[in-house]
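# A closer look at the structure
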Amino acid sequence: MSARTDSAEPGNILNAQHGVPREDHVSAAERNVRTDLAIAYRLFHWLGITDLIHTHISVRVPGKQDQFLQLPYGHLFGEARASSMVKCDVDGQILSDPSGLGVSRGGFAIHSAIHMAKEQAVCVMHAHSEATVAVANYRRGLLPLSQHALRFYGKVGYLDYTGLFDTAAKRAALPNALGDGDVLMLRNHGPLVVGPSVKECFSRMYYLERACRMQVATLSQCRDPENELVWPSETDCRTMAKAFEGGDAVIDREWAALVRMLQATAPGFDG
């Protein structure tokens, strides 16, 4: 795992290089992944879980363990297009960047650490939404208060706030805290969600957001959660978490429906 933090560029912009060309030849597999990535960014925009140009979604380039794609640092999520994605390697070198805007230094440091350490992390999504940050800040984290939350039972890691991920030790802490899970809650910051594809990662992020909203709403109604709330049994929690595994067919249907919605309301993501 590597991540350069000694770039001469100012601030949070990593290796922004005007004139880095658009690639003339992109494989069909990469083109599909680029399109899925653009769709995911636009779905974040649709859901309102963006932070202007901040927070990120990245995906590994098919067949390239040490290369991944991100939105240019300066494009709103609703602007995302397959052809505009920035490709960079694990050392932060920009390989393809039609916009010349580069990528976020902070986003690169976080995402590359997860991509390079976790084989299952083909896609990594990061958010700063109110509900997910609120739950990340809660000492007990995500609670089994809804069926949505049970999807993540036993699959959420937590990492205390450390500021910038500007050292090798801090970056190494990210995959260590994630373990074999699907979600890493960064305390006082927000969640990192990983998945073997863009659409599965998006499904996890969507239902995590819903679970967190439900938890915030539920806890707002009581002063003594242990005694005032009804809790599912440990057996039911584990059974439901297992039942949510292997739902590719359902995820495919959800994704197809969302793509149809975008084609009707916000076309151009595949351009």
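As shown above, the structure is provided for reference.
Before going into details, it helps to say that this report is about the structure given with it. Given the structure is predicted, the values throughout are model-derived calculations rather than measurements. Throughout this description, residue numbers start from 1 for each chain and increase along the sequence as written. Per-residue local features of the predicted model are confined to residues with pLDDT of at least 70, and side-chain atom pairs are confined, for both listing and counting, to 80 or more; whole-chain, interface and lining totals are unaffected and use all residues. Remark: hydrogens and water are excluded; side-chain values derive from all non-hydrogen atoms of the structure.

This part takes up the overall build of the protein chain. Secondary structure counts use DSSP, requiring at least four H or I residues in a row for a helix and at least two E residues in a row for a strand, with both numbered from the N terminus. When you go through the protein chain residue by residue, the secondary structure sums to nine helices and 10 strands. Three labels apply to residues, based on accessible area from a 1.4 Å probe with only protein chains included: buried if under 20% of the type maximum, exposed if over 50%, partly exposed otherwise in between. Within the span of the protein chain, comprising 271 residues, buried residues form 48% of the whole. Throughout, a residue-residue contact means that at least one pair of heavy atoms, one from each residue, lies within 4.5 Å. The long-range fraction of contacts in the protein chain, counting pairs at least 24 apart against all pairs at least 6 apart in sequence, stands at 71%. Where accessible areas are quoted, they stem from the Shrake-Rupley method and a 1.4 Å probe; at the residue level, only the protein chains shown are allowed to cover. When the accessible area of the protein chain is evaluated, it comes to approximately 12500 Å², of which 51% is carbon and sulfur surface. The average position of the 27 basic charges and that of the 30 acidic charges among the side chains of the protein chain differ by 2 Å. Two residue types count as positive, namely Lys and Arg, and two as negative, namely Asp and Glu; His and chain ends fall outside the count. Note on charges: their place is set at NZ of Lys, CZ of Arg, CG of Asp or CD of Glu.

Note on terminology: disulfide denotes any pair of cysteine sulfur atoms within 2.5 Å. This structure, assessed with the given rule, holds zero disulfides. Of the cysteine sulfurs around Cys88, a residue in no disulfide, the closest is that of Cys123, at 14 Å. As a non-bridged cysteine, Cys201 has Cys123 as the owner of its nearest cysteine sulfur, 3.9 Å distant.

All right, on to unusual backbone geometry then. Glycine aside, the phi torsion of most residues is negative, and most peptide linkages are trans. In the Ramachandran plot, Thr55 falls in the positive-phi region, its phi being about 65° despite a non-glycine side chain. Among the residues examined, Thr55 registers a relative accessible area of 2% and is labelled buried. The backbone phi angle of Asn188 is positive, close to 60°, even though this residue is not glycine.

On to the pairing of strand β2 (residues 57-60). Taking every second residue as pointing to the same face, both faces of β2 are buried, with Ile57 and Val59 on one and Ser58 and Arg60 on the other. Strand direction decides the pairing type here: β2 and strand β7 (residues 123-126), joined by three bridges, are antiparallel. Bridge pairing in β7 links Val59 to Cys123. Between any two strands, pairing holds if DSSP finds at least two bridges. Looking at chain direction, β2 and strand β3 (residues 67-70) are connected through three bridges and run antiparallel. Note on β3: the bridge partner recorded for Arg60 is Phe68. The antiparallel pairing of β2 with β3 creates a hairpin that spans six residues between the two strands, and Gly63 there sits at a positive phi of about 80°.

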